Amino acid sequence: MRVAAVTCVKNEGPFLIEWIAWNRLIGVTDFLIYSNDCTDGTDALLDRLAAHGVVRHLPNPAEGRNYQMEALKAAAQDPVVQAADWVWIADVDEFLNIHAGDGTIPALIAACGDPQAISVTFQFFANGGTERFEDRPVIAQFTRTHNPDIWCGETAIEVKTLVRRDFPLQYYGAHRPFLRKGLPAEARPRWTDGSGRPVQHRFLVAANSRRIRKFPARGARDLATLNHYALRSLESYLVKNDRGDVNREHRAFDDAYWRERNDGGWEETSILRHLPALEREMAALKALPGVSALHDEAVARHRARAAELLGRPEYRDLCDRLRAAPAICAAEAALIDELGLEEV
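Everything in this summary refers to the structure shown in the same document. Note that this is a predicted model, so its numbers are computed, not measured. (Residues numbered from 1 in each chain as written. Predicted model: local features only at pLDDT ≥ 70, side-chain atom pairs only at ≥ 80, totals over all residues. Heavy atoms only, no water.)

Comments concerning the overall build of the chain
Thought 1: Scanning the chain for helices and strands turns up 13 helices and 14 strands.
Thought 2: Its C-alpha radius of gyration of 20 Å places the chain within 12% of the 20 Å reference for a compact globule of 344 residues.
Thought 3: Overall, the chain is about 60 × 60 × 40 Å in size when its C-alpha atoms are taken along their principal axes.
Thought 4: Per-residue burial over the chain gives 55% buried out of 344 residues.
Thought 5: Put simply, 76% of the contacts in the chain that link residues at least 6 apart link residues at least 24 apart.
Thought 6: Split by element, the accessible area of the chain, about 15,000 Å² in all, is 48% carbon and sulfur.
Thought 7: Each charge class in the chain can be summarised by its mean position, and for the 43 positive and 49 negative side chains these summaries are 5 Å apart. (Helix = DSSP H or I, 4+ residues; strand = E, 2+ residues; numbered from the N terminus. Rg over C-alpha atoms; globule rule 2.2 N^0.38 Å. Buried < 20%, exposed > 50% of the residue type's maximum accessible area, 1.4 Å probe, protein only. Contact = heavy atoms within 4.5 Å. Areas by Shrake-Rupley, 256 points an atom, 1.4 Å probe, with all protein chains shown as cover. Lys, Arg positive; Asp, Glu negative; His and termini not counted. Charge placed at Lys NZ, Arg CZ, Asp CG, Glu CD.)

Below, the structure is given as structure tokens:
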């Protein structure tokens with residue numbers, strides 16, 4: 001089984017080795033990675049990994065509009081995707097945590113009954129009070145998260161999707177594929193959630209202009225969860241804020257984004273059963289000639305950028321706001337106030 005992971009990156013150098021190692025561990029065989037405007041050595045590290053045959057690295061083909069969607073349009077015609085049995089589109093801060101069988105993508109596919117698509121629900125991991133960036137696995141540093149059935153007062157939570165080769169595809173979206181136009185009802189694909197249950201009809205057909213990319217999370221995680229480490233350390237969040245969104249222009253990461261993802265009311269450690277194997281795979285990648293040095297350079301640049309940003313008044317102010325911010329989003333806080341409840 002060939003599984004191709006597709007992603008877009010900008011200044012993710014310190015985190016690449018872990019993400020690639022994790023995906024190799026769970027069954028990804030091929031990587032198609034697009035980069036743009038990197039200043040931390042991400043592109044150089046990817047070039048070295050490409051020279052070793054680990055990834056295929058290309059400049060993002062976007063022309064200033066929407067980096068991710070333009071890259072995904074190109075990816076659909078790329079030999080890596082064309083040769084794949086399954087395609088997995090995810091970001092470098094997203095880790096597919098499979099609970100079925102041996103924790104691999106083939107085990108998940110088998111447990112879901114070999115459908116044509118599997119949409120796995122996000123779980124957002126909080127900062128947990130971590131200030132400093134550390135060069136060690138992200139999955140080991142952050143274990144606090146929200147109630148898995150509720151996020152920001154919503155019971156429907158976004159997903160990302162594994163897509164089989166024979167899916168009746170119109171185009172790949174970042175969160176889910178879209179059906180070919182005019183597809184008759186009898187030709188619709190078999191599509192499950194992360195518990196192997198058929199997805200809801202409205203999600204399946206995306207029957208509105210908003211292109212539905214979420215559904216109720218309750219009961220949807222029996223076989224897999226998508227761990228999303230969107231915040232990481234405070235220092236790394238500052239660098240992320242400075243970088244902006246790799247996927248589209250003019251989007252900032254501010255205290256609202258932070259609050260929405262910093263609910264640490266639950267502890268979730270199931271992914272840590274794979275930590276020893278992950279560390280071995282990371283070591284194997286770093287042992288490839290030139291890779292460790294380029295990783296270390298990206299780490300050094302990441303730390304230097306964080307220190308530089310902390311020297312600016314506006315970023316010191318942002319740090320103060322983040323430290324003081326409640327670990328719930330503004331909408332939840334308003335609801336608590338409206339109901340006259342006390343924050344827990």
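Concerning the packing of helix α8 (residues 234-243) against helix α11 (residues 291-310)
Thought 1: The geometry of α8 relative to α11 is characterised by a closest axis approach of 9 Å and an angle of 80° between their N-to-C directions. Considering the angle they form, α8 stands roughly perpendicular to α11. Counting all contacts with α8, which are made through E235, S236, L238, V239 and D242, the residues of α11 involved are H302, R305, A306, L309 and L310.
Thought 2: Class assignment of the residues belonging to the contact of α8 with α11 gives a composition of five nonpolar, two polar and three charged. (Axes fitted to C-alpha atoms, helices over the stretch in contact; angles between N-to-C directions. Parallel < 35°, antiparallel > 145°, perpendicular 65-115°, else oblique. Nonpolar A, V, L, I, M, F, W, Y, C, P; charged D, E, K, R; others polar.)

A closer look at the packing of aromatic side chains
Thought 1: Applying the stated criterion across every chain yields a total of 13 aromatic pairs.
Thought 2: The interplanar angle of 55° and the centroid separation of 6.1 Å between the aromatic rings of W22 and F95 together place this pair among those described as tilted. Remark: F95 occurs in strand β5 (residues 94-98) and W22 occurs in helix α1 (residues 13-26); sequence separation between them is 73 residues. The pair formed by W22 and F95 is uniform in burial state, with each residue classed as buried.
Thought 3: With 5.6 Å between their ring centres and 85° between their planes, F95 and Y229 make a pair best called edge-to-face. With F95 in strand β5 and Y229 in the loop between β13 (224-228) and α8, this pair connects stretches of sequence that are 134 residues apart. Comparing F95 with Y229, the two get one shared label, buried.
Thought 4: Taken together, the ring pairs connect W22, F95, F125 and Y229 into an aromatic cluster.
Thought 5: Positioned above the aromatic ring of Y257 is the side chain of R261, whose terminal nitrogen or guanidinium carbon lies 3.6 Å from the ring centre. (Phe/Tyr/Trp six-rings, centres within 6.5 Å; stacked < 30°, edge-to-face > 60°. Lys NZ or Arg CZ within 6 Å of the ring centre and 35° of its normal.)

Describing the nonpolar core
Thought 1: In terms of nonpolar packing, the biggest core is built from 58 residues, with I20, L96 and I105 touching the most fellow members.
Thought 2: Per-element accounting of this core gives the leading share, eight residues, to α1.
Thought 3: Excluding anything up to four places from it in sequence, I105 contacts V3, I26, V28, L96, I98 and L162.
Thought 4: A4, C8, V87 and A174 belong to the second largest nonpolar core, which has 29 residues in total. (Core = buried A, V, L, I, M, F, W, Y, C linked by side-chain atoms within 4.5 Å.)

Details of the packing of helix α2 (residues 42-51) against α11
The geometry of a pair of packed helices is captured by two quantities: the angle between their axes and the separation between those axes.
Thought 1: Interhelical geometry of α2 versus α11 gives an angle of 165° and a closest axis separation of 9 Å. If you check the angle between α2 and α11, you find them roughly antiparallel. Crossing hand, α2 versus α11: left-handed. Seen from α2, the contacting residues are A44, L45, R48 and L49; seen from α11, they are V291, L294 and H295.
Thought 2: Of the residues that constitute the contact of α2 with α11, the class distribution is five nonpolar, one polar and one charged. (Left-handed = near helix turned anticlockwise from the far one by under 90°.)

Here we look at the pattern of salt bridges
Thought 1: A full pass over the atoms with the stated rule returns 24 salt bridges.
Thought 2: R165 is paired through a salt bridge with D85; the nearest N and O atoms lie 3.2 Å apart. Within this pair, whereas R165 is found in the loop between β8 (156-164) and β9 (169-172), its partner D85 is found in the loop between α4 (79-82) and β4 (86-89), the two being separated by 80 residues in sequence.
Thought 3: When the shortest N-O distance is used, the salt bridge between R136 and E134 registers 2.6 Å.
Thought 4: Its relative accessible area of 39% is what places R136 among the partly exposed residues. (Salt bridge = Lys/Arg side-chain N within 4 Å of Asp/Glu carboxyl O.)

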